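Descriptive structure summary
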Amino acid sequence: MDGVLVSTEIYHFKAWKRLADTLGISIDEAFNENLKGVSRSVCIDLILKHGGVEKTQAEKDALAAKKNAWFLEYVQTEITPANVYPGVIDFLQALKRQGIKTAIGSASKNAPLLIDKLGIRDYFDAIVDGNMITKAKPNPEVFLKGAEMIGVKPSQCVVFEDAISGVEAAKNGGMHCIGVGSEKKLTKADFCIQSFTEMTVERLQML
Ligand code: G6P
């Protein structure tokens, strides 16, 4: 969802950077690539490790809560249905017309809130969010659960991913994967698109 259907990654990054700054840890957009698709608690661990800072579990939980409050503040004030990326709704409508099932597989615990705010719930047959999974990408749990919920074999699923960990999760689950972003970054994807305006049902069926 984040970074694939909707431009929310920038708000996750802004909130993580704000938190890292309070800890005297410097993170940039290149480091942020490691945080994409990864659960909140794993992100905290990665940032602390990057800064060589140690915290107790209770402190980490408080930091995660602080980041989430900032993220939600950005979501409440800045996110509208206009944040859905170009081509996404047209492609989802085309899939529906063809009877192709769709699921969201997101590591985010905020996914249900965002899905409602964006008005895209009706386009999906199943939603798997960060509250329903225990293993972070590149573990394929999130996608295998989605496949199970829509009753489709993993080998017949195509995952759309913008994160390196997400492409790996799709492949670890025995699924096809279309990268949304640079081929140089998402090297394990079957192919990459830059935008859903490039996507057609025919192209999907080639996989
Ligand atoms: C998505 C985003 C990540 C984010 C993660 C957890 O996968 O790509 O950047 O850290 O969800 O999100 P949450 O909203 O639960 O903190």
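Scroll up a little and you will see the structure.
Residues numbered from 1 in each chain as written. Predicted model: local features only at pLDDT ≥ 70, side-chain atom pairs only at ≥ 80, totals over all residues. Heavy atoms only, no water.

**Digging into the overall build of the protein chain**
Across its full length, the protein chain holds nine helices and five strands. If you list the helices and strands of the protein chain from N to C, you get α-α-α-α-α-β-α-β-α-β-α-β-β-α. With the principal axes as the frame, the protein chain shows a C-alpha extent of 50 × 35 × 30 Å. In the protein chain, buried positions account for 49% of the 207 residues. Within the protein chain, contacts between residues separated by at least 24 positions form 57% of all contacts whose residues are at least 6 apart in sequence. Surface exposure of the protein chain reaches about 10100 Å², of which carbon and sulfur atoms provide 51%. Separation of charge centres in the protein chain, based on 25 positive and 26 negative side chains, amounts to 2 Å. (Helix = DSSP H or I, 4+ residues; strand = E, 2+ residues; numbered from the N terminus. Buried < 20%, exposed > 50% of the residue type's maximum accessible area, 1.4 Å probe, protein only. Contact = heavy atoms within 4.5 Å. Areas by Shrake-Rupley, 256 points an atom, 1.4 Å probe, with all protein chains shown as cover. Lys, Arg positive; Asp, Glu negative; His and termini not counted. Charge placed at Lys NZ, Arg CZ, Asp CG, Glu CD.)

**Digging into the packing of helix α3 (residues 40-51) against helix α4 (residues 57-78)**
Viewed as axis vectors pointing N to C, α3 and α4 meet at an angle of 110 degrees, and their least axial separation amounts to 10 Å. Viewed along their axes, α3 and α4 adopt a mutual orientation that is roughly perpendicular. Residues R40, I44, D45 and L48 of α3 pack against K60, L63, A64 and N68 of α4. Grouping the constituent residues of the contact of α3 with α4 by class yields four nonpolar, one polar and three charged. (Axes fitted to C-alpha atoms, helices over the stretch in contact; angles between N-to-C directions. Parallel < 35°, antiparallel > 145°, perpendicular 65-115°, else oblique. Nonpolar A, V, L, I, M, F, W, Y, C, P; charged D, E, K, R; others polar.)

**Structural notes on the environment of A170**
For A170, the position within the fold is in helix α8 (residues 164-172). Classification of A170 by relative accessible area gives buried; the value is 0%. Distance in space between the C-alpha atoms of A170 and V159 is 6.3 Å, their sequence separation being eleven residues. Apart from the residues within four sequence positions on either side, A170 is in contact with F143, V159, M175, H176 and C177.

**Quick word on the packing of helix α1 (residues 9-22) against α4**
Interaxial distance between α1 and α4 falls to 9 Å at its minimum, and their mutual angle equals 140 degrees. Put simply, α1 runs oblique to α4. As for the relative orientation of α1 and α4, their crossing is right-handed in sense. Contacts from Y11, H12, K14, A15, W16, R18, L19 and T22 of α1 reach α4 at L63, K66, K67, W70, F71, E73, Y74 and E78. Across the contact of α1 with α4, the residue classes tally to eight nonpolar, two polar and six charged. (Left-handed = near helix turned anticlockwise from the far one by under 90°.)

Read these as geometric descriptors, not functional statements.
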